[in-house]
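For reference, the chains in residue letters:
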Amino acid sequence: MNEFLDRSLLFIEQSGWLAPLFFILLHVFRQAFFIPVLIVCLIGGYLFGTLYGSIYSIIGLTAVSVVFYGLVRIAPGLKRKLTNIKQHFFKGRQDWNLPQMMIIRMMPLVHFHVVSLYLIETSKGLKEYTKKSFLVSIPPAILYTAFGDMIHELPLAGTIVFAGFLLLLFMLFRKKQSSMSWEEFF
């Protein structure tokens, strides 16, 4: 993985005006090499700065989601495996709103495609799914690109405080009629 990232970074740096395109493609292909979204967004911040790195990451994350939509349609085994993981994380809940999904997408321990599968199941088609995927990709792209080094370098106590903050935000944006126990969340 490190060698692939090093080569990709060098290739993108030397690509000139095609660098943004290759960076977006890195987002699409990163999943085949088990590279976390956080790492790729950090690279985007390093190469392009916060503004352009965030824009390219949002485009890349949305492209990954659209590719995933197609894969789920043609590979039902993949959908079954991710459904099992999703049921473990979400405990059968299907009533989360978009701000909650944005917060979940920012949590590095929740698999990117588990959230994508939830969005597929709550969308009426590719157009609505793509719109939701685009919106849900904005917070992690900006956060990871702008603050990735800070988050990455945080001590354990800082990481716990940050995770608690995300949990608090998640609870604040929940629907008023729903209630979730601590056990249901985990």
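Definitions and cut-offs
- Residues numbered from 1 in each chain as written.
- Predicted model: local features only at pLDDT ≥ 70, side-chain atom pairs only at ≥ 80, totals over all residues.
- Heavy atoms only, no water.
- Helix = DSSP H or I, 4+ residues; strand = E, 2+ residues; numbered from the N terminus.
- Buried < 20%, exposed > 50% of the residue type's maximum accessible area, 1.4 Å probe, protein only.
- Contact = heavy atoms within 4.5 Å.
- Salt bridge = Lys/Arg side-chain N within 4 Å of Asp/Glu carboxyl O.
- Core = buried A, V, L, I, M, F, W, Y, C linked by side-chain atoms within 4.5 Å.
- Patch = residues over 30% accessible without salt bridge, like charges linked within 9 Å, V, L, I, M, F, W, Y side chains within 5 Å.
- Areas by Shrake-Rupley, 256 points an atom, 1.4 Å probe, with all protein chains shown as cover.
- Phe/Tyr/Trp six-rings, centres within 6.5 Å; stacked < 30°, edge-to-face > 60°.
- Lys NZ or Arg CZ within 6 Å of the ring centre and 35° of its normal.

A. Quick look at the overall build of the protein chain. Secondary structure summary: the protein chain contains nine helices and zero strands in total. Listing every helix and strand of the protein chain by position from the N terminus yields α-α-α-α-α-α-α-α-α. Expressed as a percentage of its 186 residues, the buried residues of the protein chain come to 43%. Within the protein chain, residue pairs in contact and separated by at least 24 positions form 72% of the contacts whose partners lie at least 6 positions apart.

B. Main features of helix α6 (residues 112-121). Within α6, nine of the ten residues are buried, which leaves the element mostly enclosed by the surrounding structure. For α6, the set of buried residues is Phe112, His113, Val114, Val115, Ser116, Leu117, Tyr118, Leu119 and Ile120.

C. Main features of the pattern of salt bridges. Overall, the coordinates contain one salt bridge when judged by the stated rule. In this structure, Glu128 and Lys132 form a salt bridge, with 3.3 Å as the shortest nitrogen-oxygen distance. Pair noted here: Glu128 and Lys132 are both in helix α7 (residues 126-153), with a separation of four residues, about one helical turn. Glu128 gets classed as partly exposed once you look at its relative accessible area, which sits at 28%.

D. Representation of the environment of Gly53. Positionally, Gly53 belongs in helix α3 (residues 37-74). Residue classification places Gly53 among the buried positions, given a relative accessible area of 0%. For Gly53 and Ile24, which are 29 residues apart along the polypeptide, the C-alpha to C-alpha distance reads 9.9 Å. Those residues in contact with Gly53 that sit more than four places away from it in its chain are Phe23, Gly44, Phe48 and Thr145.

E. Up close: the nonpolar core. Residues Phe68, Met101, Ile104 and Val115 are the most contacted members of the largest nonpolar core, which totals 33 residues. Residue assignment for this core shows that the elements contributing at least two residues are α3, α5 (98-106), α6, α7 and α8 (156-172). A per-element tally of this core places α3 first, with ten residues.

F. Main features of a nonpolar patch on the surface. A surface patch of nonpolar side chains, amounting to about 370 Å² of accessible area, comprises Leu21, Leu25, Phe29 and Phe33. Structurally, Leu25 is set in helix α2 (residues 19-29).

G. Summary view of the environment of Tyr46. Looking at the element boundaries, Tyr46 is found in helix α3. On the basis of relative accessible area, Tyr46 is assigned to the exposed category, the value being 60%. Distance in space between the C-alpha atoms of Tyr46 and Leu9 is 9.8 Å, their sequence separation being 37 residues. In this structure, Tyr46 is in contact with Leu9 and Glu13, ignoring residues within four places of it in sequence.

H. Looking closely at the packing of aromatic side chains. Evaluation of the coordinates by the stated rule reveals four aromatic pairs. Centroid distance Phe48 to Tyr56: 4.9 Å. Interplanar angle 85 degrees. Geometry classified as edge-to-face. Of the two residues, Phe48 and Tyr56, both sit in the buried class. Aromatic ring contacts, followed pair by pair, group Phe23, Phe48, Tyr52 and Tyr56 into a single cluster. Sitting above the plane of the Phe112 ring, Arg30 keeps its charged end 5.2 Å from the centroid. Cation over ring: Arg105 sits above Phe112, and NZ or CZ is 3.8 Å from the ring centre.

Just distances and angles here, no functional claims.
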